[in-house]
Amino acid sequence: MSGSHLSRDFFALVKAIGESKSKQEEDRIILGEIQTLKKILSSPPTNDPSNGSAKKKAKEYLVRLMYVEMLGHDGSFGYIKAVELAAAQSIVHKRTGYLACGACLSPDHEFRFMLINRLQRDLASSNILEVCAALTAVVRLITQDMVATVVNDVTKLLSHQNDLVRKKAIIALHRLHQLDSSNITATDLTAHLRRILCDRDPSVMGASLCVIEKMTIKDAAPFKDLVPSLVSILKQVVEHRLPSEFDYHRVPAPWLQMKLVRILSLLGKGDKASSEGMYAILADTVKRADTGINAGFAIVYEVVKAVTIIYPNTTLLDVAAEAISRFMESSNHNLKYLGVTGLAMIVKDHPQYAAAHQLAVVECLDDPDETLQRKTLDLLFSMCNPVNCEFIAAKLLSFLKDTSDEFLRKDLTKKIVVISERYAPNQQWYISTIITLFSIPGAGELVDPEIAQNLMSLLAEGGGDDDEEEDNAMRMAAVETFVNLLDEPQMPPILLQTLAWSLGEYAFLLEDIELSEIIEDLCKLARRTVIGESSRRYLVTAVFKLVSQLGTCPPCAAHLVDDYTKSRDPILQQSCIEFQSLITENVQLLTEVFPVDASCEDVGADENLSIVQGFVDQALARGMNPYNPPEDEDSDEGEGAEGQASKPVFNITPYEKPSAQPQQYQQQQAINPSFSSSSDASGGGSLSSGGGNPVQLGGGGAGVGLRLSGVANVWGPSMEVKKEEEVKVAEPEPAPVVVDVPAPVAAAPAPAPA
């Protein structure tokens, strides 16, 4: 940064930006630079050597302008200077002008059209440097509307005598095809590529490979016949037939080799005929590239990828697996990562190659590199089969216990569930694995509730072999596992609910543990304040079932039921009240309500409701009308003239406009004149309580009011009725009632109001 080509001001600017402590300080520096550049670029050019706008410093000003743009500020005041500099005679200034225009001008900016004539002149120039600068600018500056103006000039340059120009021309032509495929079609571009592929200069041929790879990804059919030519080129490169300047650490043109291998893999995908022509050269490429340096390792990795993509060949797969084993055994983390990634690609379609590398893969889990660990976990999952599923599931569970990454925990949980359901050797192993997954802190919340439902269904229905002894052994093993978890200080809801259901259904299978002990433990769990209402319902229901199986209600269960008859949870409260009624009044129904191991039995439904037939007969005997079900509204019966006439129709007649004083209000006012005054006194839209606090009514305005004077407020602040002795109810004043009676002979004096 301290070279003689940089001014002191430019050096100070770059240094200040790099040393800025905050975005605000950086913005302050850039705003000051903008003011400086505006002053310099707006001043007319002079021959004064002290003037900063001299031609020799124009390049530096544009570079400083690009700094302004890159840091998010507006540098449009200097765009015209960039366009002017692109027309300069100096190649350094011209390239800087093109660079600034390409970096700063938006695709729809009008200044781009000002560059068309300059680009056409430079493309037709006899100066190679100007032509190269213009070709580079074509890729950055030309838009779809401008393709037609330069496509012919660029096409002519494919036959230029200079190799650098030809290389840039094929890249520019591909860019023009991407912008507008009507001016340069895919067929025309393919024809140009076939000719450039046979160019005498290897660098030009390499440039054409870049375009061929991009087009092959989109459509490989037009290049299928190029497989022999590409194989021949790769063979020449591998055999060191290119000039030595293309070598990299004694590896012949490694980037060219990798590009050729990638193109061959795309052309051989799913094509047996094309793949057979490249088997030999791919094997030879792996053999020659394995030289122990990074460039060679990169070529080997690309060949391994190609082997997994093309039509499979056993010999070639063996070569790829052997090369991967050397990566796995390396002490370099990068090579291990390549080995794990390459082995995952091989195992995906050819799992038989996984067994030989299983131990090496497991060792990668102990590597401190977190990226390598995650890639290894993915590989272990893809390597899983019925033979090694127990080992791999144990490794994944162990890794799940130790990791704290939330996203990794979700991924591992899904993998363990899939392995357990897909490769489980027996039901007991599946149950044990799922329960272990539930019990891992933080993992139970990540499991889909459907997994717990599947586990309970398996316990209820058995293995499906109609072997009751084997099913009971499976259930007993599950119950013993759940009993060992009763003392855990904290359990996720999914584990707690599965535990409660399983013990409630099958705890009677235990021989060395009394049901009363399990009931006591479940009562303790149900009284924990940290569990949710849903889990508490499961636990209390399990207590109900075990009490029914035990034949007596232990004190702890009786206290639990009595306490939760006052629960805030209405479902739990109702269950406890019903159970309390059963054990006190209808104990003989307990075994029918809670049968043993009957979760899979169908519950019979009495469609005729014969249980209420006695009540119906008594009602009919008292003269009540029988029930007549309504007719089916969806039936097609009765349609026709009469049916259509009986159908209700919409009444679209508008309502009448309400009068200012409704008739009901007028009648009430005629009967009780004080009704209006009390309504007006309360504001027309509120209810006055005895304490004088108005209760607002919806609607507002004049309407029907309520006279509440003398009515005591019996509700306290907590919405509970106050005690009777604390409430002083005022006697309401009797409202005068006007009735029509015959006129008396002598009017008696009106009694005084109470």
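Calculation notes
Residues numbered from 1 in each chain as written. Predicted model: local features only at pLDDT ≥ 70, side-chain atom pairs only at ≥ 80, totals over all residues. Heavy atoms only, no water. Helix = DSSP H or I, 4+ residues; strand = E, 2+ residues; numbered from the N terminus. Buried < 20%, exposed > 50% of the residue type's maximum accessible area, 1.4 Å probe, protein only. Contact = heavy atoms within 4.5 Å. Areas by Shrake-Rupley, 256 points an atom, 1.4 Å probe, with all protein chains shown as cover. Axes fitted to C-alpha atoms, helices over the stretch in contact; angles between N-to-C directions. Parallel < 35°, antiparallel > 145°, perpendicular 65-115°, else oblique. Left-handed = near helix turned anticlockwise from the far one by under 90°. Nonpolar A, V, L, I, M, F, W, Y, C, P; charged D, E, K, R; others polar. Patch = residues over 30% accessible without salt bridge, like charges linked within 9 Å, V, L, I, M, F, W, Y side chains within 5 Å. Salt bridge = Lys/Arg side-chain N within 4 Å of Asp/Glu carboxyl O.

**Topic: the overall build of the protein**
Across its full length, the protein carries 35 helices and 4 strands. Per-residue burial for the protein yields a buried fraction of 41% across its 754 residues. Taking all contacts inside the protein whose residues are at least 6 apart in sequence as the whole, residues at least 24 apart take part in 60%. Carbon together with sulfur atoms contributes 52% to the accessible area of the protein, which is approximately 44400 Å² in total.

**Points about the packing of helix 11 (residues 202-218) against helix 13 (residues 254-268)**
The packing of two helices is summarised by the inter-axis angle and the distance between the axes. It is the contact of helix 11 with helix 13, at a shortest axis distance of 10 Å, that shows an interaxial angle of 30 degrees. By the angle between their directions, the pair helix 11 and helix 13 is classed as roughly parallel. Handedness of the helix 11/helix 13 crossing: left-handed. Of the residues in helix 13, those in contact with Met205, Gly206, Leu209, Cys210, Ile212, Glu213, Thr216 and Ile217 of helix 11 are Leu256, Lys259, Leu260, Arg262, Ile263, Leu266 and Leu267. Each residue belonging to the contact of helix 11 with helix 13 can be placed in one class, and the counts come to 10 nonpolar, 2 polar and 3 charged.

**Topic: the side chain of Asp569**
Mapped onto the secondary structure, Asp569 falls in the loop between helix 29 (555-564) and helix 30 (570-585). Looking at Asp569, the relative accessible area reads 6%, which means it is buried. Asp569 has contacts with Glu533 and Arg537, leaving out every residue within four places of it along the chain.

**A closer look at a nonpolar patch on the surface**
On the surface, Leu609, Ile611, Val612, Phe615, Val616 and Leu620 cluster together into a nonpolar patch covering about 590 Å² of accessible area. As for its placement among the helices and strands, Leu620 is situated in helix 32 (residues 613-621).

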